[in-house]
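If you want the building blocks of each chain, they are given just below.
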Amino acid sequence: MTWTVTRQSQWPTGDNVVEVSAGGIDYTNPDALVKHYDGEFETFDNPITAAEAAISICKQWRIDHKGKHRPTVGTGATGGMTMPFEPTTFAALRTWAKET
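What comes next is a walk through the structure. On a predicted model such as this, the values are computed, not experimentally measured, just so you know.

Reading guide: rules and limits
- Residues numbered from 1 in each chain as written.
- Predicted model: local features only at pLDDT ≥ 70, side-chain atom pairs only at ≥ 80, totals over all residues.
- Heavy atoms only, no water.
- Helix = DSSP H or I, 4+ residues; strand = E, 2+ residues; numbered from the N terminus.
- Contact = heavy atoms within 4.5 Å.
- Buried < 20%, exposed > 50% of the residue type's maximum accessible area, 1.4 Å probe, protein only.
- Pairing = 2+ DSSP bridges.
- Salt bridge = Lys/Arg side-chain N within 4 Å of Asp/Glu carboxyl O.
- Phe/Tyr/Trp six-rings, centres within 6.5 Å; stacked < 30°, edge-to-face > 60°.
- Lys NZ or Arg CZ within 6 Å of the ring centre and 35° of its normal.
- Polar contact = N/O pair within 3.5 Å; in protein donor to acceptor, adjacent residues only side chain to side chain.

## Regarding the environment of Pro87
- By the element assignment, Pro87 lies in the loop between strand 4 (72-76) and helix 2 (90-99).
- Along the chain, Pro87 and Gln10 lie 77 residues apart, while their C-alpha atoms are 11 Å from each other.
- Setting aside chain neighbours within four positions, we find Pro87 in contact with Val17, Thr72 and Val73.

And the structure:
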């Protein structure tokens with residue numbers, strides 16, 4: 001299994017989530033923001049590495065972001081469809097990665 005990391009501004013809520021998606025780029029949600037930080041649009045073979053990349057991106061985005069929706073992280077699998085991921089904590093994302 002591989003995991004791809006993207007930044008998303010989810011519709012219709014506007015929530016900002018750094019997503020760790022199961023599968024390659026074809027399995028990420030379609031509203032990914034353009035690449036701005038290292039690690040975005042990269043595919044990882046190791047879920048721990050993917051989670052740490054997502055957390056690093058989220059921390060940088062929080063510094064740069066001045067909008068209403070504070071960036072968070074999330075993980076999931078779209079199966080090639082569109083499906084917003086539930087925001088989670090850094091600790092929960094790290095636990096998911098270790099268990100995966």
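Let's pick the thread back up.
## Concerning the environment of Met81
- Within the secondary structure, Met81 sits in the loop between strand 4 and helix 2.
- For the pair Met81 and Cys58, spaced 23 residues apart in the sequence, the C-alpha separation amounts to 24 Å.

## Comments concerning the pairing of strand 2 (residues 16-22)
- Buried residues dominate strand 2, accounting for 7 of its 7 residues.
- Residues Asn16, Val18, Val20 and Ala22 line one face of strand 2 and the alternating positions Val17, Glu19 and Ser21 line the opposite face, and both faces are buried.
- When strand 1 (residues 3-9) meets strand 2, the two strands line up antiparallel, connected through 7 bridges. What sits directly across from Thr4, in strand 2, is Ser21.
- Hairpin remark: strand 1 followed by strand 2, antiparallel, with 6 residues in the connecting loop; positive phi at Gly14, about 85 degrees.
- Judged from the 5 bridges that link them, strand 2 and strand 4 form a sheet pairing that is parallel.

## Structural notes on the side chain of Thr28
- In this structure, Thr28 sits in the loop between strand 2 and strand 3 (43-44).
- Since its relative accessible area comes to 10%, Thr28 is described here as buried.
- Excluding anything up to four places from it in sequence, Thr28 contacts Thr4, Thr6, Ser21 and Thr78.

## Quick look at the pattern of salt bridges
- Taken as a whole and judged by the stated rule, the model has 2 salt bridges.
- One salt bridge connects Glu40 with Arg7, and the closest N-O pair in it is separated by 2.7 Å. Of this pair, Glu40 sits in the loop between strand 2 and strand 3 while Arg7 sits in strand 1, and the two are 33 residues apart along the sequence. Comparing Glu40 with Arg7, the two get one shared label, buried.

## Regarding the packing of aromatic side chains
- Tallied over the full model, the rule gives 1 aromatic pair.
- The ring of Trp61 carries the charged tip of Arg7 above its face, separated from the ring centre by 4.8 Å.

## Here's the deal with the side chain of Arg7
- Residue classification places Arg7 among the buried residues on the basis of a relative accessible area of 7%.
- Within the structure, the side chain of Arg7 is placed 2.9 Å from the backbone oxygen of Val34, a separation counted as a polar contact.
- In contact with Arg7, not counting residues within four places along its chain, are Val17, Val18, Asp31, Ala32, Leu33, Val34, His36, Tyr37, Glu40, Ile57 and Trp61.

All quantities given are derived from atomic positions and should not be read as evidence of function.
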